[in-house]
Amino acid sequence: MNPLKSFADVSDAELDELGGKGRNLVLLTRGGFPVPGGFVVPAACYRQWVASIDWFDPHAHAFSYDQPDVVVNQSAALRERLASAPVDPELVRQITSKLVAWPAGSAAAVRSSSTFEDLGEAAFAGQHDTYLNCVGADEVVEKLRSCWISLWTDRAILYRHSRGFRHADASMAVVVQQQVRAEVAGVAFSIHPVTGNLDTATIDANYGLGESVVSGDFAVDHFEVDKTSRTITSRQIANKERCIRPTANGTEEAEVDSARRDQPCLDDAQILRVADLATRVEAYYSWPQDTEWAMAGGELLLLQARPVTIIPPRWTRDESAERFPQPFTPLSWDFVQTGFRRSLAHSLRLMGLPGFQGDWFDKLGQYIYGNQNAVEVIRRYRPVRARTIDELSAELPVLRERYANLIELPARWMRDLDRYLLQIGELRSFSYEGCTATEIWQHLSRVVQVGEEYFLPNIAISMTQGFLHGVLHGLVQLAVGPELALKVLDGLLSGVETKTVEVNTELYALAQMAHADASLEQLLASVPSERIVAERRLETFPEFAAALNTFLEHHGHRELAIDYFVPTWIDCPWIVLDLLNAIPADAAKPADTSNDGRRRYSETELKVLAVVPDDIRYALREVIRLARVYTLLDDLEHYQTTRINPLARQAALALGAQLVDEGILASWDDVFFFRRAELERIVGGERSAALIEAGRKRRREFEEAGRTQPDWNYGQQTEAALAEGAMRGIPGSPGEVEAAVFVVDRVEQFKEFPRGAILVARTTNPAWTPLFYQAAGLVTDSGGPLSHGAVTAREMGLPAVMAVAGATTRLKTGQRVRVNGSAGSVEVLSD
């Protein structure tokens, strides 16, 4: 039998046995929060209890899930039998011993704490039982067993089934906590639960015990507080006729005195105390929290906290415009979104983050929007809590254990990459000759599945790169001070040999080969590149043509967009010729730039390590190493992810060709404008006019959307939010420059880009790098200091301002502007 331990005495190794509620109470107690004392009966005690019941087999239960009323009866019969199973006498003795040590007259709150509680994908809130004001060991033991049995209520059974959890994997810890005789109690969210505003704490409160607030059956007061200014921004005072209060043995529903019913149950000072408590708990976990609290004898107590698992969306183009600048076809998005959902859930678990329900990105109309509230939650997460060198030294052992998965991830990812590349080779060998629509559809599904499996940890890579950047910045600030931190950080991350650097080096070599041949240089400069390819005019230059073909064999999967509807380099090699044309003959050698970056990194690291204390020098070196590794890995995973694109596009077009032959579609690429489920129906033989027309309609809407700009904030016109004067964005790369603007909407404009202009684009990706050789500065609609555009601009010393909402529509080619990359502003000087 596992010994029972008070909240303050539980070791790290025992946390997983406490369930969601018990684990949080232990952690909050450690954090110094005002948690009423108590202990947890670990889940192992439940497992030992059920193991002692000879007739009970959690693997053998078959429930009629499609008939919930039958499940009610099945559950009731099972619980009735379980209620007669005795509790181990040794456990009873331990519980009695714990209770005797409490202050005289203490009652207990006995609460279920399932090992499935408070997961990102399933909170299990309210699925299991809680019992308040339990008096005496006999009643506590009885309610303990009732909590165990509540694992088998019909609601818990159906909830587990709906979320895909196996019943046999469910286990139950139980919290036994000193009952608070609250005058007022309630719930506080550290974010707004409806709008998702991260700067607003919301409070619901009532007289008596908090059960009246949690149950939702009683009128409650509602308050909203701006966490930054500590201002009460909203009060809604209810007519609180009833509350729940403790009795001599249990609880009862009671009437509220008429004089108090319409009065706020919290005064302003108490409201701010509750909001401050919720804010402190959020900071402790670095994640929005749903807290339960109580006021008793003038003291504010924290009863429990759990992560907020639903982040209400605020759909904007702030985050999505960089990844998804153009309209997105329905079929491609169905595939991409499924993979993104799986990766996000997997990655958050890998990183030890709570996760949340809902989507980070979604397709609204023809464009992809991001849930900016979710983005901000992740951005605010602080993996390191230390604020001084001494605190960091004390935190290091915890950090090594907490982030062991992320330290090991690069090696695991590289190992798994081999399997992915072998699968890519197998998929490339597939022959479409003689295939039916069903066989092609099965192959397309297999292609996408391979991509999904490979992509599972990749969001964790991107997030970890961002976290490491933030951690390293903080450590550098501690070491050298805030004034020098950014410059030092830039030096520590310079010279990373990414895959993009490798590709750009090969592009540079091809460009120099073209410049070395006057006839070839003249051809590329004077004839449209698409015509050069169509007329096979490169055959006159066999050495260059062979080098170009080799380049395309290696890197032809590079995408112009994530959408499988859009061809990759291998299908439109003229785009590569345009990129070559954009690289001037006197451009700096990538090898020289790389050498300079490596030299700068080495010199900067030596200087930084020389000024930090001995006890954190190794840790700082590891953070620097990991930050560089993840910078490389983040770039490499994207490069490898896009190997799926030409395969998925080829399979989809093959299916489209088959459906054209059958007279169903007018064009091969019409296939992209059906939803995944619709195509399954079509492949299965359904040919209704309404189904086919749905795809045609979406194509018309897609083409129309390509001629317009989407609302930046979903449902609002971008212009409505624009301020007069200088446009504001996020500083991306320091410096200031004045020059004429050149707006680039599509890759076909690369060859027109004039040297010395300021590049204005919705976003950039690695394929745009050659333009940076000629640009004087950069302005984008989206992105941030870790985006491709900002990183490349810093490498090349170009001032850059990111996330200037509507920049590509507000700025016109030829306008003269001043770009201040340090302040994050863009000022129009003349038309």
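Residues numbered from 1 in each chain as written. Predicted model: local features only at pLDDT ≥ 70, side-chain atom pairs only at ≥ 80, totals over all residues. Heavy atoms only, no water.

## Considering the overall build of the protein chain
The number of helices and strands found in the protein chain is 30 helices and 24 strands. For 831 residues, the compact-globule formula gives about 28 Å, and the C-alpha radius of gyration of the protein chain, at 31 Å, lands near that figure. With the C-alpha coordinates of the protein chain rotated into their principal frame, the extents come out at 100 × 65 × 50 Å. Counting all 831 residues of the protein chain, 54% fall into the buried class. Taking as baseline every contact in the protein chain between residues at least 6 positions apart, the subset at least 24 positions apart corresponds to 69%. Carbon and sulfur atoms provide 50% of the accessible area of the protein chain, an area that totals close to 36000 Å². Side chains of the protein chain carry 84 positive and 111 negative charges; the gap between the two charge centres is 1 Å. (Helix = DSSP H or I, 4+ residues; strand = E, 2+ residues; numbered from the N terminus. Rg over C-alpha atoms; globule rule 2.2 N^0.38 Å. Buried < 20%, exposed > 50% of the residue type's maximum accessible area, 1.4 Å probe, protein only. Contact = heavy atoms within 4.5 Å. Areas by Shrake-Rupley, 256 points an atom, 1.4 Å probe, with all protein chains shown as cover. Lys, Arg positive; Asp, Glu negative; His and termini not counted. Charge placed at Lys NZ, Arg CZ, Asp CG, Glu CD.)

## Describing the nonpolar core
Grouped together as the largest cluster of nonpolar side chains are 193 residues, with contacts concentrated most on I203, L266, W293, L472 and F544. When residues of this core are assigned to their parent elements, the largest contribution, eleven residues, is made by helix α24 (residues 614-641). Here F544 is in contact with L510, M513, A514, L520, L538, L577 and L580, once residues within four sequence places are set aside. Grouped together as the second largest cluster of nonpolar side chains are 35 residues, I95, V110, V140 and L151 included. (Core = buried A, V, L, I, M, F, W, Y, C linked by side-chain atoms within 4.5 Å.)

## Looking at the sheet that holds strand β7 (residues 200-207)
Spatially, β9-β8-β7-β6-β12-β13 is the arrangement adopted by the six strands of the open sheet, whose pairing is antiparallel. Whereas interior strands pair on both sides, the edge strands pair on one side only; in this sheet they are β9 (231-236) and β13 (299-307). Within the sheet, the average angular offset between the axes of one strand and its neighbour, ignoring direction, is 20 degrees. In this sheet, β9 lies alongside strand β8 (residues 221-226) in antiparallel orientation, the contact comprising five bridges. Paired with H222 across the strands is Q236, a residue of β9. Running over the sheet, helix α9 (residues 268-285) touches β6 (184-189), β7, β8, β9, β12 (289-296) and β13 and is turned about 140 degrees from β12. (Pairing = 2+ DSSP bridges. Axes fitted to C-alpha atoms, helices over the stretch in contact; angles between N-to-C directions.)

## Some points on the pattern of salt bridges
Counted according to the given criterion, the structure contains 51 salt bridges. Here K143 makes a salt bridge to E142, at a shortest N to O gap of 4.0 Å. A relative accessible area of 18% places K143 in the buried class. E686 is paired through a salt bridge with R681; the nearest N and O atoms lie 2.8 Å apart. Assessed through its relative accessible area of 40%, R681 is described here as partly exposed. (Salt bridge = Lys/Arg side-chain N within 4 Å of Asp/Glu carboxyl O.)

## A word on the sheet that holds strand β16 (residues 367-371)
Here three strands make up an open sheet; going across it, the order is β14-β16-β15 and the pairing antiparallel. One side of each edge strand has no neighbouring strand; the edge strands of this open sheet are β14 (315-316) and β15 (361-364).

## A look at the pairing of β12
Within β12, eight of the eight residues are buried, which leaves the element mostly enclosed by the surrounding structure. Where β6 and β12 come together, six bridges link them in antiparallel fashion. Along β12, the bridge assignment pairs A185 with A294. Of the strand pairs in this sheet, β12 and β13 are connected by eight bridges, and their pairing is antiparallel. Its bridge partner lying in β13, A296 is registered against E299. Between β12 and the antiparallel strand that follows it, β13, lie two residues; G297 among them carries a positive phi value of about 60 degrees.

## Considerations on unusual backbone geometry
We note that N133 has phi near 55 degrees; this positive angle belongs to a residue other than glycine. Tracing the backbone shows N133 in strand β4 (residues 130-134). Judged by its relative accessible area of 1%, N133 is buried.

## What about the packing of aromatic side chains?
Scanning all chains against the criterion turns up 27 aromatic pairs. When the ring of Y46 is compared with that of W49, the centres are 6.2 Å apart and the planes differ by 50 degrees; the resulting orientation is tilted. Taken as a pair, Y46 and W49 lie in helix α2 (residues 43-51) at a separation of three residues, close to a single helical turn. The same class applies to Y46 and to W49, which are both buried. With 6.3 Å between their ring centres and 35 degrees between their planes, F335 and W441 make a pair best called tilted. Taken together, the residues span a long stretch of sequence, with F335 in helix α11 (residues 330-350) and W441 in helix α15 (residues 437-455) at a distance of 106 residues. Relative accessible area serves as the criterion here: at 7%, W441 is assigned to the buried category. Lying across the ring of F218, R242 places its NZ or CZ 4.5 Å from the centre. (Phe/Tyr/Trp six-rings, centres within 6.5 Å; stacked < 30°, edge-to-face > 60°. Lys NZ or Arg CZ within 6 Å of the ring centre and 35° of its normal.)

## Thoughts on helix α3 (residues 68-82)
With 15 residues, α3 should cover 21 Å at 1.5 Å per step; its first-to-last C-alpha distance of 21 Å lies within 8% of that length. For α3, the set of buried residues is V71, S75, L78 and L82. Taken end-on, α3 shows its buried residues confined to a sector of 65 degrees, consistent with a single buried face. The exposed set on the far side of α3, more than 90 degrees from its buried face, consists of D69, N73 and E80. (Expected span 1.5 Å × (residues − 1). Arc of directions from axis to C-beta.)

## As for the environment of P734
Mapped onto the elements, P734 comes out in the loop between β18 (730-733) and β19 (736-744). Looking at P734, the relative accessible area reads 54%, which means it is exposed. Expressed as a C-alpha distance, the spacing of P734 and G821, which sit 87 residues apart in the sequence, is 4.4 Å.

## A word on the packing of helix α21 (residues 542-555) against helix α22 (residues 574-581)
Axis separation between α21 and α22 bottoms out at 11 Å; the angle between their running directions is 110 degrees. Accordingly, the angle class assigned to the pair α21 and α22 is roughly perpendicular. Once α21 is placed against α22, the crossing between them reads as right-handed. Along its contact with α21, which presents F544, L548, F551 and L552, the element α22 presents V576, L577 and L580. By residue class, the composition of the contact of α21 with α22 is seven nonpolar, no polar and no charged. (Parallel < 35°, antiparallel > 145°, perpendicular 65-115°, else oblique. Left-handed = near helix turned anticlockwise from the far one by under 90°. Nonpolar A, V, L, I, M, F, W, Y, C, P; charged D, E, K, R; others polar.)

## Things to note about helix α13 (residues 389-402)
Between its first and last C-alpha atoms α13 spans 19 Å; for 14 residues at 1.5 Å apiece the expected length is 20 Å, and the two agree. The sharpest bend along α13 measures roughly 45 degrees and falls at E395, with the proline P397 sitting one to four residues further on. Residues of α13 that are buried: L392, E395, L396 and L399. Of the surrounding elements, those touching the buried residues of α13 are α16 (458-480) and α24. (Bend = angle between axes of the 7 residues up to and from the residue.)

## Re the environment of T540
Position of T540 among the secondary structure elements: in the loop between α20 (529-534) and α21. T540 gets classed as exposed once you look at its relative accessible area, which sits at 61%. Separated by 82 residues in the primary sequence, T540 and E622 have C-alpha atoms spaced 53 Å apart. A distance of 3.4 Å separates a polar side-chain atom of T540 from the backbone oxygen of R537. (Polar contact = N/O pair within 3.5 Å; in protein donor to acceptor, adjacent residues only side chain to side chain.)

## Things to note about the side chain of S347
In this structure, S347 sits in helix α11. A polar contact of 3.2 Å, which involves the side chain of S347, links it to the backbone oxygen of L456. Discounting residues that sit within four places of it in the chain, S347 has contacts with L456, P457, N458, I459 and A460.

## Some details on the confidence of the model for the protein chain
Here the protein chain averages 89 in pLDDT, and 95% of its residues register 70 or above. In the predicted structure, residues 118-126 sits below a pLDDT of 50 and forms 32 contacts with residues beyond four places in sequence or in another chain. Segment residues 717-723: pLDDT under 50, and eight contacts once partners within four positions in sequence are set aside and those in other chains are kept. (pLDDT = per-residue confidence, 0-100.)

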